[in-house]
Amino acid sequence: MDRVSAFDEPLKKLLGGATAKVMAEHLDLHTVGDLLHHYPRRYEERGRLTALADLPLDEHVTVVAQVADARVLMFNNGRGKRLEVTLTDGHGRLQLVFFGHGVHKPHKELLPGRRAMFAGKVSVFNRKMQLAHPTYQLLDAESVDEAGATEAVDAFAGRLLPIYPACKQLDSWRIAKAVDTVLPSAQEVVDPLPPSLREGRGFTALPEALLKVHRPQTKADIAEARDRLKWDEAFVLQVALARRRYADTQLPAAARGPRPGGLLDAFDAKLPFTLTDGQLKVSKEIFDDLAIEHPMHRLLQGEVGSGKTMVALRAMLRVVDAGGQAAMLAPTEVLAQQHHRSITEMMGELAEGGMLGGSEHGTKVVLLTGSMGVAARRKALLDLVTGEAGIVIGTHALIEDKVRFHDLGLVVVDEQHRFGVEQRDALRSKGQQPPHLLVMTATPIPRTVAMTVFGDLETSVLDQLPAGRSPIASHVVPAKDKPHFLSRAWERVREEVENGHQAYVVCPRIGDDAEDEAAGKKAKKKTPEDDGEKRPPLAVLEIAEQLAKGPLAGLRIEVLHGRMNPDDKDDVMRRFAAGDVDVLVATTVIEVGVNVPNATAMVIMDADRFGVSQLHQLRGRVGRGSAPGLCLLVSEAHEAGPARARLSAVAATLDGFELSRIDLEQRREGDVLGQAQSGVRSSLRMLTVIDDEEVIAAAREEAVAIVAADPELTRLPELRTALDALLDKEREQYLDKG
């Protein structure tokens, strides 16, 4: 078997339909290669018990533990049975609960003193940690039946037990069995690393690394395998990015040099403040790129409120001066309208080119969104195709086939994590030659992630806040344990309003009919054990009504969410910005770009339902003026759980880079790349972008050298094959179209 057929063999051929179906649906594993790259999360030693005190709440875990005691309890006047088993690791304790017909077998098998592997979801009941209806596999010799089925003991005797990322439908030891079935295929795998690189760095061969990571004899085996597999992930990904960068440098682009006495000079002359040193430095990096005859590909990272829009606007004006057009792509209509409003306000008469009272240097700044009326849309499209409009701000509507430019010179993408590579490229294809590209993000990205996720872009960082920004105090409000804290939160909002300021209240859900219907359909599919699940997230419409009747009665309260008519959304935002609304109850549509300096307080309901970066973004909406900001994170999450730890971290620091590190550490099981850059299917299974900076940097260096010497990888067919496996089908089709 060659590498392709060995790795691409469907699992159902080797494992049978039922197991393969569960693996595909619940773990996204479809081929032999997928399963061989589903590495153990950790390893247990057969004689050692898992530390029970450290188990994470709400997660599916596998533990090795000893039965301390087991007892059957009756309830419902003797009609119902419950088996409670207490596990121990010699220090902590964990309770197992089995109900009804599920009591009989574990009652016979889980006797005091027995050791087993247990898998289930950790929850809290009566202040005790428990697993309800866990699956288990006995590990001691007495558990083997007379027919000599010693499999469990043979498989685990004196060996490191691999514990795999599992799910409710498939526990770790069944995954281990499936891996045993496909491991022989690993011997057929062709190595993607060039031999000189592999030998030069002393790496073990790939088939051996796969064997050692799944079935290690010693801890040294694990370390050796991990070193090799981390390198593969980092290297193949960096080669893909290096090839993309190389291809970009081969493209032609129109150089957009300076024009003394033009629009940019006129704009700078009327600025009422001085640009920060950071803004000047980053502007110079961008202007230098714009003056070259190859397309710029630059990522501009800046903390919330560091003045990225100003830097982007000056770059757009430079391009207009050079006879080109600039397009700014925003992720939502609210944000596109906000950008259009703030840019036209900043430019004043310079944004009224060709109009009465407009400046002679001016240009037209148009807005283009999906919900515009036919006449306004037709006018905007005409202004673009004739070149009358030098700057256009819009949503995905800019990418549509109908949109034509006179001479598109620069594309600015706001909040990159909302756009895949596809949209970026589709907009770039609008120019006669590829336009320059500036990507902005307010989510600070550690250097390694920038090298990994945005490896095809050069990076600029704005880390200085402009003068006049105020500090923001953040606090966690434990609504369940201390309801009076929540009452105090609403009092604080009222105090801010009485002092002439405004407030945001953010909820995770809208609470309208369409959403409730979808939630209802989901609820119908619930199984009995879901009854203990969390309540639905709090909703904008319900909270707004409760506040208006209760703690904030008498204040001017409005709602804002994504399903509102665009004109209504714009109207609410305008009135809030003008100070005609005291409290805005909204979804995360206000997360980026909304700028109301008079808003000083924010209450985030069900804050544990949001990610760290999202909370940091939301919080950046307050403290934008001269008065200090206040952000209250309301949560019912358990004090000892990971959700509360996340909120405490957000409350403890305003440093976005520090928070992005925390976010990564907490999401390391997740697919950092998949969330940030569509097209790269390699979820980092072994590499952790936060710990493996040296590996990523070294892999990038090797990749750049290899691609410079052989851009098509003609001398490295195995590496090409590995690269094809990294790019998923959609991405391949997309590249073909491109």
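Here the structure is shown first, and the text comes after it.
What counts as what
- Residues numbered from 1 in each chain as written.
- Predicted model: local features only at pLDDT ≥ 70, side-chain atom pairs only at ≥ 80, totals over all residues.
- Heavy atoms only, no water.
- Helix = DSSP H or I, 4+ residues; strand = E, 2+ residues; numbered from the N terminus.
- Buried < 20%, exposed > 50% of the residue type's maximum accessible area, 1.4 Å probe, protein only.
- Contact = heavy atoms within 4.5 Å.
- Areas by Shrake-Rupley, 256 points an atom, 1.4 Å probe, with all protein chains shown as cover.
- Core = buried A, V, L, I, M, F, W, Y, C linked by side-chain atoms within 4.5 Å.
- Expected span 1.5 Å × (residues − 1).
- Arc of directions from axis to C-beta.
- Pairing = 2+ DSSP bridges.
- Axes fitted to C-alpha atoms, helices over the stretch in contact; angles between N-to-C directions.

Enquirer: Can you help me understand the overall build of the protein in this one?
Expert: Helices and strands together make up the secondary structure of the protein, namely 28 helices and 21 strands. Burial statistics for the protein: of 738 residues in total, 54% are counted as buried. Taking as baseline every contact in the protein between residues at least 6 positions apart, the subset at least 24 positions apart corresponds to 74%. Only carbon and sulfur atoms are counted for the fraction: they give 51% of the accessible area of the protein, which is about 33,000 Å².

Enquirer: Could you clarify how one ought to interpret the nonpolar core in this entry?
Expert: Within soluble globular proteins, side chains that are nonpolar generally end up buried alongside one another. Formed by 39 residues in total, the largest nonpolar core has its most connected members in Met316, Met347, Ile391 and Leu410. Top element by residues in this core is helix 13 (residues 308-321). It accounts for 9 residues. In this view, Leu410 contacts Leu290, Met296, Ala315, Met316, Val319, Gln325, Ala326, Ala327, Pro435, His436, Leu437 and Leu438; residues no more than four positions away in its chain are not counted. Counting 34 residues, the second-largest nonpolar core is a separate cluster that includes Leu11, Met23, Tyr39 and Tyr164.

Enquirer: What is the right way to read the environment of Ile399 from this model?
Expert: Its location among the elements puts Ile399 in the loop between strand 12 (389-394) and strand 13 (408-414). Classification of Ile399 by relative accessible area gives buried; the value is 16%. Between the alpha carbons of Ile399 and Lys430 there is a distance of 8.3 Å; along the sequence they are 31 residues apart.

Enquirer: Can you walk me through the environment of Asp663 in this structure?
Expert: Looking at where Asp663 falls in the secondary structure, it is placed in helix 24 (residues 656-666). A relative accessible area of 7% means that Asp663 is categorised as buried. In this structure the C-alpha to C-alpha distance between Asp663 and Gly611, which are 52 residues apart in sequence, comes to 7.6 Å. Ignoring any residue separated from it by four or fewer positions in sequence, one finds Asp663 in contact with Val612 and Ser613.

Enquirer: Please clarify how helix 15 (residues 374-386) should be interpreted in this entry.
Expert: It helps to recall that an α-helix has 3.6 residues per turn; residues three or four apart then point in one direction. For helix 15, built from 13 residues, the straight-helix expectation of 18 Å at 1.5 Å per residue is met to within 8% by its first-to-last C-alpha distance of 18 Å. When we look at burial in helix 15, the residues that qualify are Arg377, Ala380, Leu381, Asp383 and Leu384. For helix 15, the buried positions fall inside an angular range of 160 degrees around the axis, keeping them on one side. Opposite its buried face, helix 15 presents the exposed residues Val374, Ala375 and Arg378, each directed more than 90 degrees away. Of the residues trailing helix 15, Gly387 is marked for its positive phi of about 90 degrees.

Enquirer: Mind showing me how you'd approach the sheet that holds strand 18 (residues 557-560) here?
Expert: Two orientations exist for strands paired in a sheet by backbone hydrogen bonds: parallel and antiparallel. Taken in spatial order, the 6 strands of this open sheet run 16-21-20-17-19-18, and their pairing is parallel. Bordering the open sheet on either side are strand 16 (472-478) and strand 18, each of which pairs with just one other strand. Direction aside, the axes of adjacent strands within the sheet are offset by 20 degrees on average. As judged from the 4 bridges shared by strand 17 (residues 502-506) and strand 19 (residues 583-586), these two strands associate in the parallel manner. Residue pairing in the sheet places Tyr504 in a bridge with Leu584 of strand 19. Each of strand 17, strand 18, strand 19 and strand 20 (599-604) is contacted by helix 21 (residues 566-578), which is oriented at about 135 degrees to strand 18, the strand it contacts most.

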